[in-house]
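What follows is each chain in one-letter form.
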Amino acid sequence: MTSTEKIIIGIDAGTSVIKAVAFDLSGRQIATASVRNRYTTGDDGSATQSLDQTWLDCASALRGLGEKVPDLASRTAAIAVTGQGDGTWLVGRGNMPVADAWLWLDARAAPTVTALAGGAQNRARFEATGTGLNTCQQGAQLAHMDRFAPDLLDRAEAALHCKDWLYLNLTGLRATDPSEASFTFGNFRTRQYDAVVIEALGLDHRRGLLPEIIDGSETTHPLTSEAAKACGLLAGTPVCLGYVDMVMTALGAGVRSGARNAACSTIGSTGVHLRAKSVADVQLNREGTGYVIALPIPGIVTQVQTNMGATINIDWIIDVAAYLMAEAGKPASHADLIARIDGWFAESRPGAVLYHPYISEAGERGPFVNANARAGFTGLSMRHGFPDLLRSVVEGLGLATRDCYAAMGAMPEELRVTGGATRSVALRRSLSAAVNAPIRQSRREETGAAGVAMMAAVAVGVYSSMDDCIADWVTPLLGDPETPDASEAHRFDRLFSAYTDVRQAMAPAWDKLAEAATTSPVGA
Ligand SMILES: Nc1ncnc2c1ncn2[C@@H]1O[C@H](COP(=O)(O)OP(=O)(O)O)[C@@H](O)[C@H]1O
Ligand SMILES: O=P(O)(O)OC[C@H](O)[C@H](O)CO
């Protein structure tokens, strides 16, 4: 068997879909199998997911891949796993789940975030982690559970993240990776836990819940025979624990290539905007927001600002349209309506309607943190119709992207983009005009799975360094630069100035609305 026939499987356990993707050793995608992910939301702001179901769905995706790739089990050189970040996946005795996981979408920790963010030690915590506190994070969620549901933590033996839970099921080992460990509980300079951070979160007495940190690009563990049976693979196959999906996706999409650091935006359910840099170049902002997330490259991290919601804003307005069409007796599928977005956009005229894309129930986290922030249109008149609303939602994603980069220094000279919505020409043009920089869209279909598979490729010695791997797996798939239209860039300069004015002015109103919502009688 030649080396090109060997396969690396990348698993990307996302919030909407769990995917298993087969790549050959030079990075060519061979096949993909996926299972829709399921989670539950509640009126109390909860967003939870079954641990057992997640593992079953992951195993089912792997078996599905086996149905598509001949001799997958014997050809698999390594399996690598990444997944949705943040959130709290508690396991107790016998590695049994303690409760359903609290996802990154879970808003229940909001009061604890407010209390901790006002604490005397919060700046020291931020200086170490490089990461502003928000409701998504495990640190805030554990601190909240410690105050309001201590029994959960009393019954737990380890606090894991999604990919860590899957790694535990694949290998039997409780561990986490350097990225989530350092931005949540540690220091991005050392990639280790940091006592100052754990103390600032008030979690000294829960320190024992934090698992061992392992770097998947250096260390793998063998697939257990039980997991092998469940997934249709061979026991002993090396398994690599990836970094959090946000940086795996960026790695696969070109946040670094040709040994150069670049900027990359993922326009997925959430919008993630990252700049790769060396540790010494990280500039921590005064407001204490954003993330610093390690890359699996020595000394290189990403400085990150992330919008809580990106494509969920598009889905929201499309769902409004779908509802009206169904009421009118002309039902249309989500996919049909998504396909019409560029057409509607072209029908509307470039104007001055703003949309702030804070549609998530959890508010916003980048470049500012406010659990009460909510979406809104500004500047509507009688002349505006549905295509104009749609345009402003798409342009709002461009403005939110610019807002995030503005909080990290100068605008990028080139922006690499990935995510389902970047298939839209209108969205790519809006992003390009908003940051006034050329855009390069990665032609890589599954950037997250590719990013984590690249870690396995380095771990099992297919490449001697990540930069060598990037040269084969990433650089050749970068699309040609799409340059911004000068007059559009000028319009976006003006829109952006109004955009920041409006979002700053709205903060007290959002607080009043949140209060009104909590004091409204149920059913009123
Ligand atoms: N052509 C498009 N125009 C605008 N938005 C799009 C387009 N395609 C996808 N999207 C947005 O991205 C979301 C995810 O799309 P999907 O095709 O499922 O992406 P992925 O492959 O990343 O899962 C959609 O629900 C929609 O909000
Ligand atoms: O599951 P997706 O939307 O790909 O990723 C979610 C992120 O990891 C999350 O936003 C981290 O807070």
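The protein chain has the name Erythritol kinase in an unreviewed UniProt entry, where Rhizobium esperanzae is given as its organism. Here is the UniProt Sequence similarities (unreviewed entry) comment for the protein chain, exactly as written: "Belongs to the FGGY kinase family."

Visitor: Please explain unusual backbone geometry as it appears in this structure.
Guide: Residues apart from glycine generally show negative phi values, whereas peptide bonds are mostly found in trans. Of note, the amide linkage connecting G366 to P367 takes the cis form, showing an omega dihedral of 5 degrees. With respect to the helices and strands, P367 occurs in the loop between β22 (354–356) and β23 (376–378). Even without a glycine there, the phi angle at N95 is positive, about 60 degrees. Along the polypeptide, N95 turns up in the loop between β7 (89–91) and β8 (101–102). One non-glycine residue, R191, lies in the positive phi region at around 60 degrees. Position of R191 relative to the elements: it lies in the loop between β11 (186–187) and β12 (192–193). In this structure R191 comes out as buried when scored by relative accessible area, which is 13%.

Visitor: How do you make sense of the pairing of strand β21 (residues 300–307) when you look at a structure like this?
Guide: In the case of a regular strand, side chains alternate between the two sheet surfaces. The buried fraction of β21 amounts to 8 of the 8 residues, a majority that puts the element mostly inside the structure. Side-chain alternation along β21 places I300, T302, V304 and T306 on one buried face and V301, Q303, Q305 and N307 on a second face that is also buried. Sheet analysis places strand β19 (residues 271–278) next to β21, joined by 8 bridges and oriented antiparallel. Bridging across to β21, R275 finds its partner in Q303. Across 4 bridges, the pairing between strand β20 (residues 291–294) and β21 is antiparallel. Pairing of I293 across the sheet is with T302, part of β21. Once β20 ends, the chain turns through 5 residues before running back antiparallel as β21, passing G299 with a positive phi of about 75 degrees.

Visitor: It is not clear to me how the domain arrangement of the protein chain should be interpreted in this structure. Could you clarify?
Guide: The accessible area lost on association of the parts is a frequent measure of interface size. Partitioning the protein chain into structural domains gives domain 1 (7–247) and domain 2 (311–406 + 485–519). Once you take the C-alpha centre of each, domain 1 and domain 2 turn out to be 31 Å apart. Taken together, the contact between domain 1 and domain 2 spans 9 residues of the former and 5 residues of the latter. Between domain 1 and domain 2 the total buried area reaches about 500 Å² when both faces are included, carbon and sulfur atoms providing 66% of it. Connecting domain 1 to domain 2 are 1 salt bridge. Across the pair R365 and D86 runs a salt bridge, and its minimum N-O distance is 3.9 Å.

Visitor: Can you walk me through the UniProt feature "domain: Carbohydrate kinase FGGY C-terminal" (unreviewed entry) in the protein chain in this structure?
Guide: The UniProt record annotates "domain: Carbohydrate kinase FGGY C-terminal" (unreviewed entry) at residues 304–459. Secondary structure across residues 304–459 comprises 48% helix and 11% strand; the distance between its end C-alpha atoms is 26 Å.

Visitor: Which parts of the structure should I look at to understand the UniProt feature "domain: Carbohydrate kinase FGGY N-terminal" (unreviewed entry) in the protein chain?
Guide: What UniProt calls "domain: Carbohydrate kinase FGGY N-terminal" (unreviewed entry) maps, in this numbering, to residues 7–252. Across residues 7–252, the secondary structure splits into 38% helix and 24% strand, with the terminal C-alpha atoms separated by 17 Å.

Visitor: Would you mind showing me how to read the nonpolar core here?
Guide: I9, W55, L65, M466 and W473 are the most contacted members of the largest nonpolar core, which has 96 residues in total. It is helix α17 (residues 447–459) that contributes the most residues to this core, 9 residues altogether. Judged by nonpolar contacts, the second largest core, of 28 residues, contains A310, I314, I341 and V393.

Visitor: Is there a simple way to explain the site of ligand 1 in this structure?
Guide: Looking at ligand 1, the residues that line it are T311, I314, D315, H334, I338, I341, G420, A421, R423 and S424. At 2.6 Å, a side-chain N or O of D315 approaches an oxygen atom of ligand 1. Here an oxygen atom of ligand 1 sits 2.2 Å away from a polar atom, N or O, in the side chain of R423. In isolation ligand 1 offers 550 Å² of accessible surface; the protein chains occlude 67% of this area. Elements with a contribution of two residues or more to the shell around ligand 1: α12 (311–327) and α13 (334–339).

Basis of the calculations
Residues numbered from 1 in each chain as written. Chains lettered and ligands numbered in written order. Predicted model: local features only at pLDDT ≥ 70, side-chain atom pairs only at ≥ 80, totals over all residues. Heavy atoms only, no water. UniProt positions renumbered as here; feature names shortened; annotations may be inferred. Helix = DSSP H or I, 4+ residues; strand = E, 2+ residues; numbered from the N terminus. Buried < 20%, exposed > 50% of the residue type's maximum accessible area, 1.4 Å probe, protein only. Pairing = 2+ DSSP bridges. Domains from an automatic or database assignment. Contact = heavy atoms within 4.5 Å. Buried area = accessible area lost by both parts, 1.4 Å probe. Salt bridge = Lys/Arg side-chain N within 4 Å of Asp/Glu carboxyl O. Core = buried A, V, L, I, M, F, W, Y, C linked by side-chain atoms within 4.5 Å. Near = heavy atom within 4 Å. Polar contact = N/O pair within 3.5 Å; in protein donor to acceptor, adjacent residues only side chain to side chain. Areas by Shrake-Rupley, 256 points an atom, 1.4 Å probe, with all protein chains shown as cover.

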